[in-house]
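Close look at the chain arrangement
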Amino acid sequence: MKAGQNPKTKTIQEIKVDIDKCTGCRACEMACSAYHAQPRYSSINPARSRIRVISDELNDEYVPIRAGDYTPAECTGRHIYTINGKEYSECSFCGASCPSRDFFIEPDSGLPLKCDMCESVPALAEPMCVKVCMTDALTYVEREVVREEIPQQKRGQIEVSLEALINQYGLEAVIDSLKQMPQAKNH
Amino acid sequence: MRYAETGFDLEIDLTRGSIDKVATEPDLAELYLGGQGSAAKLIFERVPPDVDAFSPDNLLIFSTGLLHGTPAPAANRTAVNTISPQTNLMSHSLFGGFFGPELKYAGYDKIVIRGKATDLVYLYINNDHVEIRDATHLRGKGSTETGDLIKKELNDQKVQVAAIGLAGENRVYMASIEHNHASAARGVGVIMGDKRLKAIAVRGTKDINVAKPAELFELSQELHQKIGGSDGNGDWMAVDEDDSFHHNHFAWGNARTRIKNYWSPELQERWTNWKYDHMDRQTGCYNCPKKCRNVIKWPGRERFAYKCYGKDTYHMAAFLELDFSYEILGLAQEYGLDSYSTPQVIAFALELLEAGILTDKDFPEMPADSRGRFFYLLEKIVRREGIGDILANSVSQAAIQIGNGAEKFDHNTTKKFEQLPIKLGKVNPAYFLMIATGEKMSITQIEGSFPQDPLPTREQREEFVAKWDAVPDEKFKNYFLNWEKRNDITDEATCDIVDWNEAMHYIDDSTGLCGFVSSFRGQFGGGVAYHMNNIPQVIALATGVAMDKDKLWKAFQRIRTLVRAVNVRRGLRRKDERPPEDHWAVRDEEAEQELLSKYYAFKGWNSEGIPTRQTLERLDLGYVADDLEQRGILVVGADGEVGALGTGVAGGQAAGKAMGVAP
Ligand code: SF4
Ligand code: SF4
Ligand code: SF4
């Protein structure tokens, strides 16, 4: 059966990252920004890319990360990971669009950017960033997972979080903040 | 709307502390492309020949290439141009990495720097926000260390930094400008230091627009796949562990000694282990699928990266092995030193000591072993201490200062610039012309499209030309098909070949393309991604300017002739156009001079190598002809014939062994 045909399962698209293979070339940034330009390919600007390569030549650190969800607050503390003797800040692996750094933020509007897996009709064989990455630092896989229970579970989580917020700040304050959030319109 | 370009230069006066964003003429791209091409025009117009390299009026120009910031792969070479104190000519320097594209995204095609700050400063460019900032706290800091400190200070890891190290600060002529693990060589760091500019930090988040989006993207992706998927592009030396070519054929020490059977399997194994035991990874430049740089972390030394022959220069000058290069290169990178010329300067000094022209008194407390001596002299040079103060002025200038016969040991320079340590047998006509007339100071910046050597059989040659897409004209296929012995080729073919080789470099250095996917690489296998037959289309799709092969060729001639005019105005003449006298053991002065005359005529230059009015006008350079006439360099009405033929001294009979260099 082809991916996506079974109503009880859904296709998870994954981009696997092998940071040992990354050369830091940023072709992925170039391609993502071109693909999302209006009209398509009309301009290049890595600052609009939904993938950024965190690189630090002195530390031999090259980490491509894709834009995930918007987060309004800076994290209060960060882990430092030591991998193969090299120290990485937690930020090097975090795809959040957050106030502590100026990427995954649309340079003109200030709105958060999020990877959309190059959604298009017809669908691309593989996302642009993966296509241009010729070192296989990025590879694309599609996986079938069982659909049931997942939405429920997710709603449950949101409910739990909201309840915690309401307990802390009161219902009105939470509703007010939700209304004021600029990205609320975006969703 | 301007496509591919931003349409603005950033003009900085460090004396006055002024910053101006200046709109540029829209038709410049069509005539001078960008990069080194339009930089040459600025230097011709704004740096007259009486301006000394160390004058505040000398310009230091960082140029993006015309294709930087577009989807065209491997367009990332930033050009740095100024007047060199070493040669008194226009310098030619390039570096890869990310700086040029970032500058475009910040909204500028060039940074044009004049004047001098009173103390160390750095330039911070963040889109429209441009600032000259104090850099006294960075004094003495290493080049990549400086980049790291600036990123931390600005709290922005995505800033791209180009910086000088101690060598540049102390106005060492061999000083480089370093950017991450890329290096701008051939003597530009000295002027950055003289201007008291420690670094430039750039961050840009603006769009670069292109004229024909979908077509350009598609063509760029084809080229990207071709570059990444073929070994006809990039630096094969990054992965080929057999480096017998350089070690068996190039000269060791002060470009003196050939060791013909140096390479062995045992040595290769030992060196390969050194490499892979200490290599972190291989990295590439902006928007290029190749990974030409080997990143090495040697115990106790700074992490550094090298490309190509850059790993051999130090140990060959010192008669040592690869571990020595690995040990010294990290330090040399942090000091910001050109790894091609610096080892030659050190080997030259040690030869003078051996010959008794310099004595032990000139080298107080110098270690006895070669390894120790190189580290010792490196320190003396970057600090300009004792003899280092003289050596810091390069081989030619130091030889004059030392005198007492030292000039004879300055045997491997052309136009006062250190050349690759190559000593061969019989004259190779194309190489004679390229080294003699080149103004990019290194043969690697001139050679590259036509193969260095013929293939042995007609069948092999036929096979080669059958898939040779890069030729600008069918005649090159015929030249190659009928070429059997390296030195046996007509003068007509030689002129054409040298011209093509030059054309590709001048185009790359103005569009910002990397030579490893274009001008330098076609000579090895012919299957290079960019060439005369597709670059015009890439330019046209990116810029919207109508471009074809003839127009591009003419742009090359225009830029090349303009560079010559800058240098002619500063005194360059026929007598200076000589390869090192011992480059070949067997010379034929008469034939060489006859070939040189033919080449000058072919280029439309007079017998002194000065472009004629007719040539200049044909290339839309009438303003150059006027200037040269006003200065008496061209005679009005005589179409440029001035002075007697200066053919210089007779061909040298100096050292050098039989030939046998094969790729
Ligand atoms: S294209 Fe691949 S190798 Fe290049 S920076 Fe992106 S992830 Fe790394
Ligand atoms: S999958 Fe597409 S949208 Fe997401 S980062 Fe890659 S190129 Fe950008
Ligand atoms: S071919 Fe090599 S040197 Fe040239 S741009 Fe690509 S990675 Fe850099």
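Here, the structure is the one placed above.
Residues numbered from 1 in each chain as written. Chains lettered and ligands numbered in written order. Predicted model: local features only at pLDDT ≥ 70, side-chain atom pairs only at ≥ 80, totals over all residues. Heavy atoms only, no water.

Focus: the overall build of chain B
Which entries qualify depends on this criterion: Think of it this way: any DSSP run of H or I at least four residues long counts as a helix, any run of E at least two long counts as a strand, and we number them from the N terminus. Note that the radius of gyration is over C-alpha atoms, with the globule rule given as 2.2 Å times the number of residues to the power 0.38. Each residue's exposure class comes from its accessible area (1.4 Å probe, protein chains only) as a fraction of the maximum for that residue type: buried when under 20%, exposed when over 50%, partly exposed otherwise. The criterion used for residue contact is that any of the two residues' heavy atoms lie within 4.5 Å.
When its secondary structure is counted, chain B shows 24 helices and 22 strands. Computed over the C-alpha atoms, the radius of gyration of chain B is 23 Å, within 12% of the 26 Å expected from 2.2 N^0.38 for a compact globule of 663 residues. Its C-alpha atoms put chain B at 65 × 60 × 55 Å along the principal axes. Relative to its full complement of 663 residues, chain B shows a buried share of 67%. Counted over contacts in chain B with a minimum sequence separation of 6, partners at least 24 positions apart contribute 71%.

Some thoughts on the pairing of strand S2 (residues 18-23) of chain B
Residue and element names in this part refer to chain B. Condition: Note on pairing: DSSP must find at least two bridges between two strands before they are called paired.
As paired strands, strand S1 (residues 8-13) and S2 are joined by six bridges and run antiparallel to one another. In the sheet register, Glu11 faces S2, and the bridge partner there is Asp20. Taken together, S1 and the strand that follows it, S2, pair antiparallel across an intervening segment of four residues, in which Gly17 is found at a positive phi of about 75°.

A look at the packing of helix H19 (residues 491-511) of chain B against helix H22 (residues 589-603) of chain B
Residues and elements named next belong to chain B. Short version of the rule: Lines fitted to the C-alpha atoms define the axes, with helices restricted to the stretch that makes contact. Angles between their N-to-C directions range from 0 to 180 degrees. An angle below 35 degrees is read as roughly parallel, one above 145 as roughly antiparallel, one from 65 to 115 as roughly perpendicular, and any other as oblique. Here is the rule for handedness: rotate from the far helix to the near one, and if that takes an anticlockwise turn smaller than a right angle the crossing is left-handed, while a clockwise turn gives right-handed. In this classification, the charged set is Asp, Glu, Lys and Arg, the nonpolar set is Ala, Val, Leu, Ile, Met, Phe, Trp, Tyr, Cys and Pro, and all remaining amino acids, among them Gly, are polar.
Where H19 meets H22, the axes come as close as 10 Å, and the angle between the chain directions of the two elements is 55°. Classified by the angle their axes make, H19 and H22 are oblique. Seen from above, H19 lies across H22 with right-handed handedness. Along the contact surface, H19 presents Asp491, Thr494, Cys495, Asp496, Val498, Asp499 and Glu502, while H22 presents Leu595, Lys598, Tyr599, Phe602 and Lys603. Among the residues forming the contact of H19 with H22, the class breakdown is five nonpolar, one polar and six charged.

Remarks on the packing of aromatic side chains
How we decide: Stacked, edge-to-face and tilted are the three classes for Phe, Tyr and Trp ring pairs, Trp counted by its six-membered ring, which pair at centre distances within 6.5 Å; planes under 30 degrees apart are stacked, over 60 edge-to-face, the rest tilted. Charge-over-ring contacts are defined here by two conditions on Lys NZ or Arg CZ: a distance within 6 Å of the ring centre and an angle within 35 degrees of the ring normal.
One pass over the full model with this rule turns up 42 aromatic pairs over all chains. Both rings, one in B:Trp553 and one in B:Phe556, keep their centres 5.7 Å apart while their planes meet at 85°; by these two values the pair is edge-to-face. Here B:Trp553 pairs with B:Phe556, and both are found in helix H21 (residues 549-569), just three residues apart, close to one helical turn. Considered together, B:Trp553 and B:Phe556 belong to a single accessibility category, that of buried residues. Among the aromatic residues, ring-to-ring pairing joins B:Phe450, B:Phe464, B:Trp468, B:Phe476, B:Tyr479, B:Phe480, B:Trp483 and B:Trp500 into one connected group. Lying across the ring of A:Phe103, B:Lys158 places its NZ or CZ 5.7 Å from the centre.

Considerations on the pairing of strand S17 (residues 293-296) of chain B
Side-chain direction in a regular strand flips from residue to residue, so the side chains alternate between the two faces of the sheet. Residues and elements named next belong to chain B. Residues of S17 alternate between two faces, with Arg293 and Val295 on one and Asn294 and Ile296 on the opposite face, all of them buried. By the bridge criterion, four bridges tie strand S16 (residues 279-283) to S17 in an arrangement that is antiparallel. Looking at S17, one finds that Arg281 is bridged to Val295. Sheet analysis places S17 next to strand S18 (residues 304-306), joined by three bridges and oriented antiparallel. Each residue of the ladder has a partner; that of Ile296, found in S18, is Phe304.

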